Structures are given as structure tokens and as C-alpha cells.
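Structure at a glance
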Amino acid sequence: MNSLLIQGLLNGLILGAIYGLIGLGLNIVYGVLRVVNFAHGEFLVIGAYFAWVLLQYLGINPLLALPISFVVFFGVGYLLYFLLVPRMSKSDDPETSSLLLMFGVSIALSATLLLVFEADSRTLEFAIEPVFLSFGQIILPTIRLVALLISVLLVAALAYFLYRTQVGKALRAIIMNKDAVSIVGINAERLSGVAFGLGIALAAATGVIVALVFPAFSPFMGNDYTLIGFVVIVLGGLGHPIGALIGALLYGVTEQVAAVYFNPSIATILGFSLMIAMIFIRPSGLLGQRQLR
Amino acid sequence: MLTVRNLRKSFGGLQALAGVDITLPDESILGVIGMNGSGKTTMLNCINGIYIPDSGDIALDGASLLGLPVHEVAGRGVGRTFQVPRVFQHLSLLDNLDVAQTGSAAGNDDRYALSEYWLKKVELLRLRHNYAEELSGGQQKLLELARIMVARPKVILLDEPFAGVNPQLAQMLIGIISEIASRHHCAVILVSHDLTSIYQLSHHIIVMNEGAILTQGDAATVKSDPAVIEAYLGA
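Predicted, not measured: the structure shown is a model, and the values here were computed from it. Along each chain, residue indices are assigned from 1 in the same order as the chain's sequence is written. In the order they appear in the text, chains get letters beginning with A and ligands get numbers beginning with 1. A pLDDT threshold of at least 70 governs which residues receive local features in this predicted model, and a stricter bar of 80 or more applies before side-chain atom pairs are shown or counted, although totals over entire chains, interfaces and linings include all residues. By convention in this description, side-chain values take in all heavy atoms of the structure and omit both hydrogens and water.

**Describing the sheet that holds strand β4 (residues 55–60) of chain B**
All names here are of chain B. To be explicit about the condition: For two strands to count as paired, DSSP must find a minimum of two bridges between them. Secondary structure is summarised from DSSP: a helix means a run of H or I of at least four residues, a strand means a run of E of at least two, and numbering begins at the N terminus for each. Any pair of residues with heavy atoms lying within 4.5 Å of one another is described as a contacting pair. What counts as an axis is a line fitted to C-alpha atoms, over the stretch in contact for a helix, and the angles between N-to-C directions run from 0 to 180 degrees.
Read across the sheet, four strands follow the order β2-β1-β4-β5 without closing on themselves; strand pairing throughout is antiparallel. The outermost strands of the open sheet, each flanked by one partner alone, are β2 (14–24) and β5 (63–64). In this sheet, β4 lies alongside strand β1 (residues 2–11) in antiparallel orientation, the contact comprising five bridges. Among the inter-strand pairings, R8 is bridged to a residue of β4, identified as S55. On top of the sheet, helix α1 (residues 40–47) reaches β1, β2 and β4; it is set at about 115 degrees to β1, its chief contact.

**Details of the confidence of the model for chain B**
Test applied: By definition, pLDDT measures how confident the predictor is in each residue, and it falls between 0 and 100.
Mean pLDDT over chain B: 93, with 98% of residues reaching 70 or higher. Listed scores for the predicted complex are pTM 0.90 and ipTM 0.90.

**Re the packing of aromatic side chains**
Residue and element names in this part refer to chain A. What counts is decided by this rule: The pairing test for Phe, Tyr and Trp rings, Trp by its six-membered ring, is centres within 6.5 Å, and the orientation test on the planes gives stacked under 30 degrees, edge-to-face over 60, and tilted for anything in between.
In the structure shown here, the tally under the stated rule is 15 aromatic pairs over all chains. A ring pair is formed by F50 and F73, whose centres lie 5.3 Å apart and whose planes are at 85 degrees; its orientation type is edge-to-face. With F50 in helix α2 (residues 40–58) and F73 in helix α3 (residues 62–88), this pair connects stretches of sequence that are 23 residues apart. On the numbers, 6.2 Å between centres and 85 degrees between planes, the contact of Y251 with F272 is edge-to-face. One end of the pair, Y251, is in helix α10 (residues 241–261); the other, F272, is in helix α11 (residues 264–281), and 21 residues separate them in sequence.

**Digging into the pairing of β1 of chain B**
Residue and element names in this part refer to chain B. Of the strand pairs in this sheet, β1 and β2 are connected by eight bridges, and their pairing is antiparallel. In the strand pairing of β2, K9 is matched with L17. Two successive antiparallel strands, β1 and β2, enclose a turn made up of two residues, where G12 displays a positive phi of approximately 65 degrees.

**Considering the packing of α10 of chain A against α11 of chain A**
The relative placement of two packed helices comes down to the angle between their axes together with the axis-to-axis distance. Residue and element names in this part refer to chain A. We count it as follows: Oblique is the label for every angle not falling under 35 degrees (roughly parallel), over 145 degrees (roughly antiparallel), or within 65 to 115 degrees (roughly perpendicular). Crossing handedness is defined as follows: a turn of the near helix away from the far one that is anticlockwise and smaller than a right angle gives a left-handed crossing, while the clockwise case is right-handed. For this scheme, ten residues count as nonpolar: Ala, Val, Leu, Ile, Met, Phe, Trp, Tyr, Cys and Pro. Four count as charged, namely Asp, Glu, Lys and Arg, and the remainder, Gly too, count as polar.
For the pair α10 and α11, the least separation of the axes is 8 Å and the interaxial angle reads 150 degrees. On the basis of their axis angle, the class for α10 and α11 is roughly antiparallel. The handedness of the crossing between α10 and α11 comes out as right-handed. Contact with α10, carried on its side by L250, Y251, T254, E255, A258 and A259, involves A267, L270, G271, F272 and L274 of α11 and no other residues of that element. Residue composition of the contact of α10 with α11, grouped by class: eight nonpolar, two polar and one charged.

**So, helix α5 (residues 142–164) of chain A**
Worth spelling out the cut-off: Expected span, for any helix, means 1.5 Å times one less than how many residues it has. The cut-offs for exposure are 20% and 50% of the maximum accessible area for each residue type, with area from a 1.4 Å probe on protein chains only; residues under the lower value are buried, those over the upper are exposed, and the others partly exposed.
Across its 23 residues, α5 of chain A extends 32 Å between first and last C-alpha, which sits within 8% of the 33 Å expected from 1.5 Å per residue. Within α5 of chain A, the full set of buried residues consists of T142, I143, R144, A147, L148, I150, S151, L154, V155, L158, L162 and Y163 of chain A.

**Quick look at helix α4 (residues 108–121) of chain B**
Applicable threshold: As used here, the arc is the angular range of directions from the helix axis to the C-beta atoms.
Relative to the 20 Å expected for 14 residues at 1.5 Å per residue, α4 of chain B spans 20 Å between its end C-alpha atoms, a close match to the ideal helical length. Within α4 of chain B the residues assigned to the buried category are R111, L114, S115, W118 and L119 of chain B. Axial view of α4 of chain B: buried residues confined to an arc of 135 degrees, hence all on one face. Pointing more than 90 degrees away from the buried face of α4 of chain B are the exposed residues D109, D110 and K120 of chain B. Buried residues belonging to α4 of chain B abut α6 (166–176) of chain A together with α3 (93–99), α5 (137–149) and α6 (167–183) of chain B. Note on α4 of chain B: the residue one or two positions beyond its end, E123 of chain B, has a positive phi of about 60 degrees.

**Focus on the pairing of strand β8 (residues 187–191) of chain B**
All names here are of chain B. Our working rule: Handedness is read with the strands pointing away from the viewer; a crossover is right-handed when the path from the first strand over the helix to the second is clockwise.
Counting buried residues in β8 gives five out of five residues, a clear majority hidden from the surface. Alternating positions in β8 separate into two faces, A187, I189 and V191 on one and V188 and L190 on the other, with burial throughout. Where strand β7 (residues 155–159) lies against β8, five bridges are found, and the strand directions are parallel. In the sheet register, L158 faces β8, and the bridge partner there is L190. The handedness of the β7 to β8 crossover, carried by α6, is right-handed.

**Quick notes on the interface of chain A and chain B**
This is how it is decided: Two parts lose some accessible area (1.4 Å probe) when they are put together, and adding that loss for both gives the buried area. By salt bridge we mean one thing: a side-chain nitrogen of Lys or Arg within 4 Å of a carboxyl oxygen of Asp or Glu. By the criterion applied in these results, polar contacts are pairs of N or O atoms within 3.5 Å in which, for protein atoms, one can donate a hydrogen and the other can accept it, and in which residues neighboring in sequence qualify only through two side-chain atoms.
Opposite the 19 residues of chain A that make contact, chain B presents 22 residues. Summed over both partners, the interface of chain A with chain B comes to about 1900 Å²; 63% of that surface belongs to carbon and sulfur atoms. The interface formed by chain A and chain B includes two salt bridges. Scanning the region where chain A abuts chain B turns up five residue pairs in polar contact (both at pLDDT 80 or more). Elements supplying a minimum of two residues to the side of chain A that touches chain B: α6 and α7 (178–183) of chain A. Top element by residues in the side of chain A that touches chain B is α6 of chain A. It accounts for six residues.

Encoded structure:
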């Protein structure tokens, strides 16, 4: 295996892990609430700006900004849930309404970012020494490896939360049967708020990672990340958190390995072709039928 | 003690409950029988908060349950099972029971021990790590019963627990329900078409017809009531 291919695979793994976090957040919100969160990418970009503001004005290290953003945006998401979702669930078609509402929220958030930060791209002025690490002929930016480590830790923490804690199990249970969760004495509305808060917190934390890994970010990037999130959850299985992770790795590796050999546009086409092929071959995604085991 | 007073519920022009009164002492089993559409399940749905009654009152130990959401009624000590069990299909049996103890202050070990106790009681302990979807319909009913019992309810509402259950499981279920009332100090409302089980288990029986109580009493009284024989037993 030549070094270019290995480099492509490693880059795919790193980006796949980041895309996985995007898909995880989207899938938790969709799985629990059946809300198609079209504003997920905007919350991610807000997370990136949040880290930038903390670094620029308060001198807070972005690695510290990451847990801060998670906590702050969990609270924001939890409150936003009660503002937006319960009313929406009373409409005739809550799923379509959620898509339209969150699309509107995404436009509003993007416009607000533009108003506050203007159209110029921003960069997180932060580096870890040495800037690059070389393994034989393979050279990788250190920050990307750190981002991979953080992403893996976040996924592990989330998996622990979902599979080992009572609230996490209840979140998986509510995806399976919302009525039954109420019948065993759990406040389904409050639990739904936790799910929405968790989704938004994951988006914002991923935004901090994105700001670390990519050279620049702007108010216009939200839709791109939302789109990537939808691609990976279609690949992995709608509503399935672990499926999103597998879909993301598949998408990230395909995109990055293709970028080694072809024009970047072809790499993008291949990534999306993978999604279209999945819809034709296995419409429920890789883990869609296995639900939440 | 659970008390239901003058409970009324209509759906459009259809009166599903037309003034039902029940007094359910602690540790007692109330059998409820009646034709399909007589209002049995509607009554259970009103008691556990799925439906809001048009009028009347429901109180547990003197505190009204009226207007409380389903999870709060459960939190006050009213457990409920359904004709088609509503278990969490893709969670293990242990996790099904653990979710039902979410509000509990007990530690992991105590919760686990309680879950194992009830899984053993319903003879599902050896399957504790299996997913609920792997159980038969009858076993899922047993799991649902164990799931409400780990929450230590004061009253349980059982809707057709014997429907679709093989005779062996049904016999075991009869023993468990009897023990729930006597040993676990829990009152039971048992809705069933299985008259043999109702007669065997119930301290008191009500017969419902068109949303109202047609007659009530012990098994012998109900069996011999001419109105019941005509309207329900058909003999």
C-alpha cells in the first residue's frame, strides 16, 4: 500500500470521526423527537465562532472551549426545545413542519452570524507544536490527530452515556416507544429536552473541532455540514447513533481516498454517489433495521 | 386506597363511561369483566392519565390524580400493563427494568438486585441479557408486569394479561398476581375476558355494560346475577 493511500485513509478516518459527531447529534434529535434539524450545521458554525470569541477576547484555549461549549449549548438546546418543539408536535404533520421550521431557524442563525461577524472567514489562531508529525513518508498535522482523539473520546463518552447510564437507556427507550416511557414514570418532555440539548451540544462541540482542523470558517458553511450530516445518517441508518458513526467513516474514507487519486470534485461526487447507492440497495441504511441495540 | 367517583368520558356522541364508581382497598384484587366496548379499557386509560375524564374524580390515598400527566400518575404509584405489551423491544430485559427505575434513589446494585428479583419471579432471569424482542408475546407480558413492579407501585392496572398467553404461563401469572396483592401490598384492577381467572383471583368483581357498572359483588354473586347472565354470560 503506497503512502499516499495510507495518508488518504488516515485523513478519511479523521474526517469520518468528525462527520460521525455531526451525524450522531442529528440522529439523536431525529431518533427521539422525529425532528429533522436542518439548523444542525449552523449550531456547529456557532460552536466554531464560540471558540474563536473565547480565544480572541478571553484568551481561553480552544481545547478548554470545547467542554465549555458543550455545557453552554446543552443548556441552549434544552431551552430551545421547549420554545420550538412541543408546539410543533401539535401540527398535522410534525416531521415536515420540523424540517421547515428548522430550515427557517438555520437561515435566521446564518443571517445573525453574518450580521455579528460579517462575511470574512475567521481562523482559530491556535497550534500545537510540533505542527506536523511524520511517520515514515506519512505526514499528518498534529491538530488533526488531536481532533481524532477528541472525537473518539466524545463518541466513547456518548456511547457510555447511552448504553450504561439510566438516562441514556431511557433516551434509547424513548426512541423505541415514547408512550411506554411515560407509563414507567419518566417525564418524556423533559427527556426530549435532554435529547435536543445533547444534539445541539454535540453540534457546537464539533464546531470547535472543525475550527481546530480546518483553516477557516464562515457564516455560510452551516448548510454544507448539515448536508454531510444527512449523508452519513442515510448511510448508517436514520435514527441510529452508532449507524451514523459507521456511515461517517465510510463517507470520510471514500471522500479522502478518492481525493488522493482524483479531482476534489470527483471525490465529492463519489461521496454522494455512495449515499444514492445506499438508498437504492439498502434504503434503511447499514444499521437501520437493527434499531438501537 | 384507590377511589373512582362518578367517572364519565365521551368520544363525540359516544358515551364510553357513564358514571363509574369504584373503591379499591389496599391489597385487594378487583376483577372487571364486560363485552368489548363496555368501557373497561377506557376506565383504565382514565385512571392512569392517558385520557382526561369529562367529569368525576380519581384519587389515590385521598390525593386526586385528575388532570395529572401519565408519568406523574405512574410516579404516584399507579402501574399499567396493556393488552399488547409495550416493552422496549431493543433493550435487554435488565435494561427494560432499569429504565423503569429511572426516578429511584437506589444505587446500581440495589436496582440490579430488584430487577433480578422480579425477573426470577416471572421466570425470565436466564434471559436477562436477551433483547425484549426475542421473547414470545406471553413472555413480553410477564416482562411488562416485572417492569411495573420494580417501580414499587401501590396500584396496578392489568389489561387482558391472559390474552394470548399459553395455559402454563397463565397459571404462573395467576400465582404472581395473587402474590403481588398479598405479599407486595399492591391493589390490582384486573380487566380480562378469562372468567375462570377472574373468579379465581378477584376479591370483588364488577361487570360493565355500555360504560356503566351493570352489577358487582363476589364471584358467586356475579355468576348468579340474572342481568349478567343475560347481558354478558349469555346462558
